[in-house]
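Understanding the architecture of this molecule
Residue strings, one per chain:
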Amino acid sequence: MLSSTVLSYITFAYFASFILYLFMMVMGRDFFGRLATYLTLAGLTIQTFAIILRWVESYRLGIGHAPLSNLYESLIFFAWVIILLYMIIELRTKTRTLGVFVTPLAFLALAYASFSPGIESHIQPLIPALKSNWLIVHVITCFFGYAAFGLSLALSIMYLIKRLENTQSTGIFLKLIPRSGILDELNYQMVVIGFLMLTLGIITGSVWAHSAWGSYWTWDPKETWSLITWLVYASVIHSRMVRGWKGKKISIMCIVGFCCVLFTYFGVNYLAGLHSYAK
Amino acid sequence: MTKSNTEKNPNLIWGLFSSVRLTIVLLIILAIVSILGTVIPQQQDALGLAKQLGPRLFRLFQSLDLFDMYHSIWFRILIGFLALNLVICSLDRFPNSLKRFRAVPKPDRSKPFEHLPSEQTFLTEGNLKGTSATVARFLRSRYKKVRNKETQKIIYFFGEKGRFSHFGVYLVHLSVLLILIGSLLGSFFGFEAFVNILEGERIDAVALRKEMATLKLGFEVRCDKFSVDFYENGAPKEYRSDLSFFIDGKEAKKAVLLVNHPVQFRGVTFYQQSYGSVHRGKVRLRISAPQIGPEDAAMEVEADKLYDLPGGEGQFSVRDIRDNMMGLGPAVLIFVQPKEGKETHFWVFRNKEMVKGRLPLPMARSPEFNPSAFNPYTFFLDRVGTKYYTGLQVNRDPGVPMVWLGCFVMVFGFFITFFTSHRKTWVRVSGEGDRIRISVAGTSNKDPVGLKRHLERLVNDLRNRLDEKRR
């Protein structure tokens, strides 16, 4: 299928932008940064068209549905949202240093989708349980949440790396990373967006489960793990809003939170449950 | 117990439950124990693990309710603690928020203007009266209520936005309570049950999932028809039950039940959950062979009974009947025992053409899938005498509207908590030589970056407005 071929090429585009962002960070040359931005933007544009193309292809096959129905399609969408959110941040804050920490996430998601032998990249028809308008809302909200948490992970790692900087250090890499106050504030914004989206994802999932399986909450492993993730980020928000925690503690909590996201996304597949079609 | 002690005790409990540190600890404990429940198989799935554990470990797990953790007393107590914690935290902090909501700051406060950044103040031409009138009109277009105070040389204005932002967090906490109350309502006044109904048959009771008991519905349900549609690749496309509901034997409603489209009748909701089939009646086969003439021999046979081949070379039997063999439709497994020689067996599909196109080549060539495997006979399958039953999930949950209300309030509360802030703005207009100085200051309960942007925009717009006025 044309769409999956195109999508596998975009993997390399994002890898190349990662390398360019890295060059920018190590050599301190803005030229590489600009090149990386153009390449990432081009990748995002082509990826958008490829996703639309996949949608069209599914209709040509007579089994038309939004390309959000299995692990392959969700990984593609995940990478797309990460890059989209990153581009918005880059344009708004006018700093490119986050790129070197974020592009690997998108690259890895696409590489896993395109080159892992266990992942079915063909367009499959929807089984009855998935035939619902809630599918689109549920998947979109969840993955915007996951992606925002992914950016929060990148910002947390940046924060912890930035702490290594001391007055004598001469590395351009550390110097180029923005002030830790900015990182902390941006990280908090990402956590808030992610938390809101995850909440919406859980709610839409509940509404859907209620009409498909008869119960809005069944303690299925995926549901439970999404709740665990929700609880972790709820405690991040409480620690910061009420107890005024900042910086290192919050960064570490965000890294733990993203581990929960990863487990909700991938780890749960190794446990039995109702979300088996997401394998 | 002394008097002071009894007085002190409630304070101690209040002190404990009004701490956000407890909230964070409870959230993390809940997260960690929830992990346990996803690792230890729950409810019906627990049987496998139970066999591996020794009897003593099993008894320990059992007594801790680890096989049905999420419904255990201790898990509910944890959730109860969290609920109590958020109620007391909210009650503890609410008066303060109310005070901030109601507070009426004086327009002529000077503290906000201390250390004013240079971009928040500017000089303009004009007289004090005219300029302050323009400023007043401008501010009234931006804020609902603008208070001012005039002294001889200085005129102060005060406006504010988003006072309600102090209540967002209480809405979120309320929403958690609503969801918990909704789930309690469901577990006290609702039920979860299931029932299998054979096509053409009626039921008036369902099996409860928790109590191993049956529950009379007070009406009857008949499954008129059940059908499954498949995609070309064999994956299921749609499960459909045609249901009829009867009250006192009279038909009250007909409905089509699909996955994702439940049917409600008298407060009870029916969900398409599973299906199955029982083999009722006979399998209709046709058998062709040169020695029995040009006409095929048609036979109605039952499973596992021996029949003579039409030509008399031996006997055959139907050993297995499948409604949907490998996604390729109905098929039967036929064993042929000739009078001399070895027994052979092979599958016969109803839809021969489809099988030819879809079966992988090595399989299509293997005798297992060749209906002519027993030479010179060829078997055809005309009809499989199966009857479907539909498996329904049958629920009543009066707590659901409450849960949805809670979800709605939660999202609404999030928007208020995260995306609104209580911004207070002071504007000072004063004479400076023959010019007028305008200073803008502000405070906010959160989002300092947003406040700065808000003030910058305000200063810009105000300057433009004054410039326009002068022209």
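Predicted model only: the values in this text are computed from it and were never measured.

Focus on the overall build of chain B
Looking only at helices and strands, chain B has 11 helices and 20 strands in total. At 39 Å, chain B has a C-alpha radius of gyration far larger than the 23 Å of a compact globule built from 471 residues. When the backbone C-alpha atoms are referred to their principal axes, chain B occupies close to 125 × 75 × 50 Å. The 471 residues of chain B split such that 25% are buried.

Notes on the sheet that holds strand β19 (residues 423-432) of chain B
Residues and elements named next belong to chain B. Strand order in this open sheet of five strands is β1-β20-β19-β3-β2, and the pairing throughout is antiparallel. Of all the strands in the sheet, just β1 (121-124) and β2 (146-150) have a single pairing partner and so form its edges. The mean angle between the axes of side-by-side strands here comes to 20°, regardless of whether they run parallel or antiparallel. With 10 bridges connecting them, β19 and strand β20 (residues 435-444) associate as antiparallel partners. Pairing of glycine 431 across the sheet is with isoleucine 436, part of β20. Against the sheet, helix α11 (residues 448-470) touches β1, β19 and β20, its axis set at about 155° to β20.

Thoughts on the sheet that holds strand β16 (residues 344-349) of chain B
Residues and elements named next belong to chain B. Pairing is antiparallel across the open sheet formed by four strands, whose spatial order is β13-β14-β15-β16. At either end of the open sheet lies a strand with only one pairing partner, and these are β13 (307-308) and β16. Relative to β16, strand β15 (residues 331-338) runs antiparallel, the two being bridged by six bridges. Across the sheet, the residue bridging to isoleucine 334 is phenylalanine 346, located in β16.

Some remarks on the confidence of the model for chain B
Residue and element names in this part refer to chain B. Of the residues in chain B, 96% have a pLDDT of 70 or more, and the chain-wide mean is 85. Helix α1 (residues 3-17) is the least confidently modelled element of chain B, averaging 62 in pLDDT, while helix α10 (residues 400-419) averages 95, the highest of any element. Contacts of residues 1-8 to residues separated by more than four positions or lying in other chains number one contact, the stretch itself having pLDDT below 50. If you check the scores for this complex, the pTM reads 0.82 and the ipTM reads 0.91.

Things to note about the environment of glutamine 42 of chain B
Position of glutamine 42 of chain B relative to the elements: it lies in the loop between α2 (20-39) and α3 (46-52). Judged by C-beta crowding, with 23 C-beta atoms within 10 Å, glutamine 42 of chain B ranks as buried. C-alpha of glutamine 42 of chain B to C-alpha of glutamate 343 of chain B: the two residues are 301 residues apart in sequence and 46 Å apart in space. In this structure glutamine 42 of chain B touches Trp219 of chain A together with Gly37, Phe67, Asp68 and Met69 of chain B, once residues within four positions along its chain are discounted.

Observations concerning helix α7 (residues 180-212) of chain A
Residue and element names in this part refer to chain A. Its 33 residues place the ends of α7 46 Å apart at the C-alpha level, agreeing with the 48 Å of an ideal helix rising 1.5 Å per residue. Of all 33 residues making up α7, 25 are buried, and the element is well covered by its neighbours. After α7 finishes, the residue glycine 214 shows a positive phi value of roughly 95°.

What to know about the nonpolar core
In terms of nonpolar packing, the biggest core is built from 125 residues, with Phe78, Ala79, Ile82, Ala106 and Leu110 of chain A touching the most fellow members. In terms of domain composition, this core takes at least three residues from each of domain 1 (3-101) and domain 3 (174-280 + 389-410) of chain B. Once residues within four sequence positions are removed from consideration, isoleucine 82 of chain A is found in contact with Val102, Leu105, Ala106, Ala147, Gly150 and Leu151 of chain A. Met325, Trp347, Val355 and Val384 of chain B belong to the second largest nonpolar core, which has 22 residues in total.

Let's talk about the confidence of the model for chain A
Note: predicted coordinates in regions of low pLDDT should not be interpreted at a detailed level. Averaged over all residues, the pLDDT of chain A is 89; the fraction at 70 or higher stands at 96%. Model confidence for chain A, summarised as mean pLDDT per element, is weakest for helix α6 (residues 172-176) of chain A at 81 and strongest for helix α5 (residues 134-162) of chain A at 95.

Remarks on helix α6 (residues 128-142) of chain B
Residue and element names in this part refer to chain B. In a regular helix each residue adds 1.5 Å, so 15 residues correspond to 21 Å; α6 covers 21 Å between its end C-alpha atoms and thus fits that length. Turning to α6, its buried residues are Thr131, Ser132, Val135, Phe138 and Leu139. Projection of α6 onto a plane perpendicular to its axis shows the buried side chains occupying an angular sector of 120°, all on one side. Structural note: α6 exposes Lys129, Arg137 and Ser141 on the side pointing more than 90 degrees away from its buried face. For α6, the elements touching its buried residues are β1, β2, β3 (154-161), β19, β20 and α11.

Concerning the packing of α5 of chain A against helix α9 (residues 248-265) of chain A
Residues and elements named next belong to chain A. Remark: α5 packs on α9, axes separated minimally by 9 Å, with the N-to-C direction vectors making an angle of 145°. By crossing handedness, the relation of α5 to α9 is classed as left-handed. Mapping the contact onto sequence places Tyr146, Phe149, Gly150, Ser152, Leu153, Ser156, Tyr159 and Leu160 in α5 and Lys248, Ser251, Cys254, Ile255, Gly257, Phe258, Val261 and Tyr265 in α9. Taken together, the residues that form the contact of α5 with α9 break down as 10 nonpolar, five polar and one charged.

Focus: the interface of chain B and chain A
The interface is formed by 37 residues belonging to chain B together with 37 residues belonging to chain A. For the side of chain B that touches chain A, the elements supplying multiple residues, two or more each, are α2, β7 (236-247), β10 (268-279), β18 (386-396) and α10 of chain B. For the side of chain B that touches chain A, the leading source of residues is α2 of chain B, giving 11 residues. The residue inventory of the side of chain B that touches chain A, partitioned by class, reads 23 nonpolar, 10 polar and four charged.

Quick look at the pairing of β2 of chain B
Residues and elements named next belong to chain B. Across five bridges, β2 lies against β3 in antiparallel orientation. When the bridges of β3 are listed, glutamate 150 appears paired with isoleucine 155. Taking the residues between adjacent antiparallel strands as the criterion, β2 and β3 are bridged by three residues.

About the criteria used
- Residues numbered from 1 in each chain as written.
- Chains lettered and ligands numbered in written order.
- Predicted model: local features only at pLDDT ≥ 70, side-chain atom pairs only at ≥ 80, totals over all residues.
- Helix = DSSP H or I, 4+ residues; strand = E, 2+ residues; numbered from the N terminus.
- Rg over C-alpha atoms; globule rule 2.2 N^0.38 Å.
- Buried ≥ 20, exposed ≤ 12 C-beta atoms within 10 Å, placed from the backbone.
- Pairing = 2+ DSSP bridges.
- Axes fitted to C-alpha atoms, helices over the stretch in contact; angles between N-to-C directions.
- Contact = placed C-beta atoms within 7 Å.
- pLDDT = per-residue confidence, 0-100.
- Expected span 1.5 Å × (residues − 1).
- Core = buried A, V, L, I, M, F, W, Y, C linked by C-beta atoms within 7 Å.
- Domains from an automatic or database assignment.
- Arc of directions from axis to C-beta.
- Left-handed = near helix turned anticlockwise from the far one by under 90°.
- Nonpolar A, V, L, I, M, F, W, Y, C, P; charged D, E, K, R; others polar.

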